[in-house]
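# Structural features, examined
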Amino acid sequence: MQDKIVNLLKRRSGYVSGEEIAHHLGISRQGLWKHIQDLRNSGYDIVAIPHLGYELVSLPDRLFASEITSGLNTKFIGRKIYYFDHLSSTMEVALQLGLKNAPEGTLVLAEGQSKGRGRLGRSWISPKFKGIYLSVILRPKISPNAIPVITLLSAVSICEAIHNITGLSCQIKWPNDVLIANKKVSGVLTELNAEADQTSFVIIGAGINVNNDKKDLIASATSLKEHKKSPIDRVKLLQEVLARLEHNYIIFQKGSSAPVLERWREFSSTLNRRIRINSYRLHIEGQAIDIDSDGALMIREDSGIIRKVTAGDITHCR
């Protein structure tokens, strides 16, 4: 009911009488007043003036499901949303939903996380109401070997969304770190649930530093607000991330990873650089020359041998 009240007030400019709203929604004036109070408590700035009615002055800086779906230009990603004020990790909730056959495109959002996760067991600092912390469930009809492309696809989608909303240019450090001016603004974590050679579902987790203040960021991190010098509309940015993710995912599902990989190359800060890879017992140093069709990084060692690496901790040497 509260979503209907907000949508009605959004569609109208100026004041709307309480009698008109109550009649339109089939509720009492007393019931309407209670819903208005609840909306105010959630952060909606609604002015009430006797004999004039109600006017929606401003929206809260919250990633409420109703705000995300309003104007969302997707077919399935983000059409089912689980929103939380605080979680240990969106990935944990998404995993349980995936095991319970949640539909493809199901989105888990949290305003803050206490145990946000990154690659290689690292943590992602997730202060409340500052960033975007999400997990999306996908059910691609691909073999587990092709999953690394999903990671690259997700990083590309975030870069495109950030540029479309803010005008800022991003780079991608292989495979999943999104950078601005060589500092990390976003990261992607992909987790797979599969049996033998059959993928059951994939969870894409992402964190984006949106309105984080510089003093709250570690030295190697940055935020969109730091570069734009003003707060970013998190709802609009998230809507664009979901739209770009779905667009790129549909292309990938049609059977070709080439368009996504070409976009990744355009954003890459890793290719054509000397790098060092540490991965368990594997230690490689050489020139990053390309990525293959499965998203693996191809490195030419000084001996001339070309190695393919699918995972690891990467350092840009120069």
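Structure: see above.
Described in the following lines is the structure provided in the data block. Just so you know, these numbers come straight off a predicted model, no measurement behind them.

Taken together, Tyr 15, Ile 49 and Leu 52 make up a surface patch of nonpolar side chains, about 230 Å² in accessible area. Tracing the sequence through the fold places Tyr 15 in the loop between helix H1 (2-11) and helix H2 (18-25). What makes Tyr 15 partly exposed here is its relative accessible area of 30%.

Another aspect to go through is the packing of aromatic side chains. Summed over all chains, the structure comprises four aromatic pairs. Each ring, one from Trp 33 and one from Tyr 54, has its centre 6.5 Å from the other, and the planes form 35°; the classification is tilted. You can see Trp 33 sitting in helix H3 (residues 29-41) and its partner Tyr 54 sitting in strand S2 (residues 53-58), a full 21 residues away along the chain. The class of Trp 33 is partly exposed, set by a relative accessible area of 38%. Judged by centre distance (5.3 Å) and plane angle (65°), the rings of Phe 64 and Tyr 83 are edge-to-face. Residue Phe 64 is found in the loop between S2 and helix H4 (65-69), and its partner Tyr 83 is found in strand S3 (residues 81-84); the two are separated by 19 residues along the sequence. The rings of Tyr 44, Phe 64 and Tyr 83 are connected pair by pair, giving a single aromatic cluster. The residue whose ring lies beneath Arg 62 is Phe 129, and the NZ or CZ to ring-centre distance is 3.6 Å.

Turning our eyes to something else, we now look at the pairing of S2. The pairing of strand S1 (residues 45-49) with S2 spans five bridges and is classified as antiparallel. The partner of Ile 46 across the bridge, within S2, is Leu 56. Between S1 and the antiparallel strand that follows it, S2, lie three residues; His 51 among them carries a positive phi value of about 75°.

As a further point, take helix H5 (residues 90-99). Listed in full, the buried residues belonging to H5 are Thr 90, Met 91, Val 93, Ala 94, Leu 97 and Gly 98. What you see down the axis of H5 is that its buried residues fit within an arc of 160°, all on one side. In this structure Ser 89 caps H5, since a side-chain oxygen of it lies 3.1 Å from the backbone nitrogen of Met 91. Just beyond H5, the residue with positive phi is Asn 101, at close to 65°.

With that out of the way, let us pick up the nonpolar core. Membership of the largest hydrophobic core comes to 61 residues, with the highest contact counts inside it found for Trp 174, Leu 224, Leu 237, Ile 277 and Leu 297. The element best represented in this core is helix H6 (residues 147-166), accounting for eleven residues. The next biggest cluster of nonpolar side chains, apart from the first, holds 16 residues, and it includes Ile 5, Leu 9, Val 16 and Ile 46.

It is worth spelling out the pairing of strand S13 (residues 306-309) at this point. With four bridges joining them, strand S12 (residues 297-301) and S13 adopt antiparallel strand pairing. By the bridge assignment for S13, Arg 300 is matched with Ile 306. Hairpin connection of S12 to S13: four residues between the antiparallel strands, including Gly 304 at a positive phi of 100°.

Quick look at the pattern of salt bridges now. Under the criterion given, the structure shown has 20 salt bridges. One salt bridge connects Lys 10 with Glu 67, and the closest N-O pair in it is separated by 2.8 Å. In this pair, Lys 10 is assigned in helix H1 and Glu 67 in helix H4, connecting sequence segments 57 residues apart. For Lys 10, a relative accessible area of 32% translates into the label partly exposed.

Read across the sheet, five strands follow the order S13-S12-S11-S10-S14 without closing on themselves; strand pairing throughout is antiparallel. Both edges of this open sheet fall to S13 and strand S14 (313-316), since each of them pairs with a single strand only. Within the sheet, the average angular offset between the axes of one strand and its neighbour, ignoring direction, is 40°.

Procedures and definitions
What you see as residue numbers is a count from 1 along each chain, following the sequence as written. Confidence filtering applies because this is a predicted model: local features only for residues at pLDDT of at least 70, side-chain atom pairs given and counted only at 80 or more, and all residues used for totals across whole chains, interfaces and linings. No hydrogens and no water enter the side-chain calculation; it runs on all heavy atoms of the structure. What makes a patch is a set of residues exposed beyond 30% relative accessible area and free of salt bridges, joined within 9 Å when like-charged and within 5 Å when nonpolar (Val, Leu, Ile, Met, Phe, Trp, Tyr). For every accessible area listed, the method is Shrake-Rupley and the probe measures 1.4 Å; residues are considered covered only by the protein chains on display. Salt bridge, as used here, is a side-chain nitrogen of Lys or Arg placed within 4 Å of a carboxyl oxygen of Asp or Glu. Secondary structure counts use DSSP, requiring at least four H or I residues in a row for a helix and at least two E residues in a row for a strand, with both numbered from the N terminus. Relative accessible area decides the class of each residue, using a 1.4 Å probe on protein chains only: under 20% of the type maximum gives buried, over 50% gives exposed, and in between gives partly exposed. The pairing test for Phe, Tyr and Trp rings, Trp by its six-membered ring, is centres within 6.5 Å, and the orientation test on the planes gives stacked under 30 degrees, edge-to-face over 60, and tilted for anything in between. A ring is considered to have a charge above it if a Lys NZ or an Arg CZ atom is located within 6 Å of its centre and within 35 degrees of its normal. Between any two strands, pairing holds if DSSP finds at least two bridges. As used here, the arc is the angular range of directions from the helix axis to the C-beta atoms. Here a polar contact means two N or O atoms within 3.5 Å. Within protein one must be a hydrogen donor candidate and the other an acceptor candidate, and residues neighboring in sequence count only if both atoms are side-chain atoms. Grouping buried Ala, Val, Leu, Ile, Met, Phe, Trp, Tyr and Cys residues that are joined through side-chain atoms within 4.5 Å yields what is termed a nonpolar core. In this analysis, axes come from line fits to C-alpha atoms, helices being fitted only over the stretch in contact, and the angle between any two N-to-C directions falls in the range 0 to 180 degrees.

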